[in-house]
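What follows is each chain in one-letter form.
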Amino acid sequence: MRPPAEAISALALVVGAIALLIFIGVEGALIYAVLRYRSSRLPAGRPARFERNTRLEIAWTALPAIVLAVVFVLMLGTMAEIGGGGVEPGLRVRVAGHQWWWEFSYGPVTTANEMHIPIGTAVDLDLTSADVIHSFWVPELGGKSDMLPGTTNHLRLFARRAGIYEGQCSEFCGVEHAWMRIRVVAESQADFDRWLAAQGRPAATRGGDGERIFLANICVNCHTIRGTAAAGAAGPDLTHVGARATLGAGVLPSDVARMRAWIADPQQYKPGALMPRVPLSDPELDALAAYLVSLK
Ligand code: HEC
Ligand SMILES: [Cu+2]
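Report follows, based on the coordinates.

Reading the values: the criteria
- Residues numbered from 1 in each chain as written.
- Chains lettered and ligands numbered in written order.
- Predicted model: local features only at pLDDT ≥ 70, side-chain atom pairs only at ≥ 80, totals over all residues.
- Heavy atoms only, no water.
- Helix = DSSP H or I, 4+ residues; strand = E, 2+ residues; numbered from the N terminus.
- Rg over C-alpha atoms; globule rule 2.2 N^0.38 Å.
- Buried < 20%, exposed > 50% of the residue type's maximum accessible area, 1.4 Å probe, protein only.
- Pairing = 2+ DSSP bridges.
- Near = heavy atom within 4 Å.
- Polar contact = N/O pair within 3.5 Å; in protein donor to acceptor, adjacent residues only side chain to side chain.
- Nonpolar A, V, L, I, M, F, W, Y, C, P; charged D, E, K, R; others polar.
- Domains from an automatic or database assignment.
- Donors = N, O, S within 2.8 Å, 3.2 Å for Na, K, Ca; no water.
- Tetrahedral: all angles 85-135°; square planar, octahedral: opposite > 155°, others 65-115°.
- Core = buried A, V, L, I, M, F, W, Y, C linked by side-chain atoms within 4.5 Å.

**Observations regarding the overall build of the protein chain**
Stage number 1. Along its length, the protein chain carries 8 helices and 12 strands.
Stage number 2. A compact globule built from 296 residues should have a C-alpha radius of gyration of about 19 Å, whereas the protein chain, at 28 Å, is more than 25% larger.
Stage number 3. For the protein chain, the spread of C-alpha atoms along the three principal axes comes to 100 × 40 × 30 Å.
Stage number 4. Looking at the protein chain as a whole, 39% of its 296 residues qualify as buried.

Structure follows, in structure tokens:
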């Protein structure tokens, strides 16, 4: 199959060409009429009056109807194609929108904000929301679909080439709507399988200071780190947070310094984000940041 984005773009070109032809025809007729029937070229005296022209009226009713019917049929074809077109998906991912981050579940494996997909494979998304209406859109990979609480919508993604594809929540969902970015890493099947296997493993680092501080603070009420006692669900799963390229759904690139700054005061980077500032000492922040970034 071809990527849904290519099917949409091909349809836009065809419809654009039809619209251009109509534009040229209408403007041409207008210019012709203005020049041909200007008063200096008409016989003197009272102009003749039109009563009716049945053939003209039938033509200008039928032609737009035919054009619309053609566009409608083309659109139905494209909709069927991007909706799946009889091609079974090679992968299914459940996506939940949250204010203001994304949750991706590959069966039992949950991650956040950065999704990976294999190239050359139809990927079907089951989209829902944990709170308000969000909308999933990665323009280069597929169409756009709303995400509604209590309902599951479906959307197909397809990447032909490996690379990073950027997307964005496309339904205004609150103060940090603009910082609800989606990062899709499309990679070979082998790389994808390795990534998924790594994501499926529990957190690697055990028993250090950072882990102890995390577990002793309210972080555990909101975040899960598989392999530890932390099983909160109000914020992103942090089991492999160190493997992601960004923090806070794209607001900061991820490294130890930014991780520390984010934990010290998330509100400075994402005012209104649903993570509070937790009072911690400098050594505690250092240890926490080093620990979280080590969770690859
Ligand atoms: C009240 C719930 C809550 C508490 C408590 C909380 N967080 Fe968060 N955390 C969130 C939410 C919600 C987000 C997502 C914010 C956003 O991007 O809009 C988040 C995001 C994060 C991120 C970025 C994750 C990513 O994938 O980008 C890290 C790291 C993080 N929290 C660490 C911590 C640490 C460490 C603590 C304890 C000091 C903590 N959090 C306490 C709710 C919480
Ligand atoms: Cu949103």
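**Overview of the pairing of strand S4 (residues 114-118)**
Stage number 1. Counting buried residues in S4 gives 5 out of 5 residues, a clear majority hidden from the surface.
Stage number 2. On S4, burial covers both faces: Glu114, His116 and Pro118 on one face and Met115 and Ile117 on the other are all buried.
Stage number 3. Pairing of S4 with strand S10 (residues 181-187) involves 5 bridges; the strand directions are parallel. Across the sheet, methionine 115 pairs through a bridge with valine 184, a residue of S10.

**Digging into the site of ligand 1**
Stage number 1. Neighbouring ligand 1 are 26 residues; Cys219, Cys222, His223, Gly248 and Met275 lie closest to it.
Stage number 2. Arginine 244 places a side-chain nitrogen or oxygen 2.8 Å from an oxygen atom of ligand 1.
Stage number 3. Glycine 248 places a polar main-chain atom, nitrogen or oxygen, 2.6 Å from an oxygen atom of ligand 1.
Stage number 4. Elements that contribute at least two residues to the shell around ligand 1 include exactly helix H5 (219-222) and helix H6 (256-264).
Stage number 5. The greatest single-element share of the shell around ligand 1, amounting to 3 residues, is contributed by H6.
Stage number 6. Of the residues in the shell around ligand 1, the class split is 20 nonpolar, 4 polar and 2 charged.
Stage number 7. When residues of the shell around ligand 1 are assigned to domains, at least three map to each of domain 2 (91-199) and domain 3 (209-294).

**What about the coordination of the copper ion (ligand 2)?**
Stage number 1. The copper ion (ligand 2) binds to the protein through His134 (ND1), Cys169 (SG), Cys173 (SG) and Met180 (SD), with metal-donor distances spanning 2.0 to 2.7 Å.
Stage number 2. One way to put it: the 4 donor atoms around the copper ion (ligand 2) meet at angles of 95 to 126°, and that makes the site tetrahedral.
Stage number 3. Positions of the donor residues of the copper ion (ligand 2) along the chain correspond to the pattern H-x34-C-x3-C-x6-M. Of this pair, histidine 134 sits in strand S6 (residues 134-137) while cysteine 169 sits in the loop between strand S9 (163-168) and S10; the two residues are 35 residues apart in sequence, bridging distant segments of the chain.

**Examining the coordination of the iron atom of ligand 1**
Stage number 1. Within the protein, the atoms that donate to the iron atom of ligand 1 are His223 (NE2) and Met275 (SD), at distances of 1.9 to 2.2 Å.
Stage number 2. In this structure, the iron atom of ligand 1 is surrounded by 6 donor atoms whose angles at the metal cover 82 to 179°, and the resulting shape is octahedral. Of this pair, histidine 223 sits in the loop between H5 and strand S11 (246-247) while methionine 275 sits in the loop between helix H7 (266-269) and helix H8 (282-294), placing them 52 residues apart in sequence.

**Some words on the nonpolar core**
Stage number 1. Residues Met115 and Phe136 are the most contacted members of the largest nonpolar core, which totals 29 residues.
Stage number 2. At the level of secondary structure, the elements contributing two or more residues to this core comprise strand S1 (91-98), strand S2 (101-106), S4, strand S5 (123-129), strand S8 (153-157), S10 and helix H3 (189-200).

**Quick notes on unusual backbone geometry**
Stage number 1. With omega at 0°, the peptide bond leading from glutamine 99 into tryptophan 100 counts as cis.
Stage number 2. Its place among the elements puts tryptophan 100 in the loop between S1 and S2.
Stage number 3. Phi angles above zero are rare outside glycine, and asparagine 113 is one such case at about 65°.
Stage number 4. Residue asparagine 113 is classed as buried on the basis of its relative accessible area of 8%.
Stage number 5. The backbone of alanine 249 sits at a positive phi, close to 55°, despite the residue not being glycine.
Stage number 6. Within the element layout of this structure, alanine 249 appears in the loop between S11 and strand S12 (252-253).

Everything listed here is a matter of geometry and, on its own, says nothing about what the molecule does.
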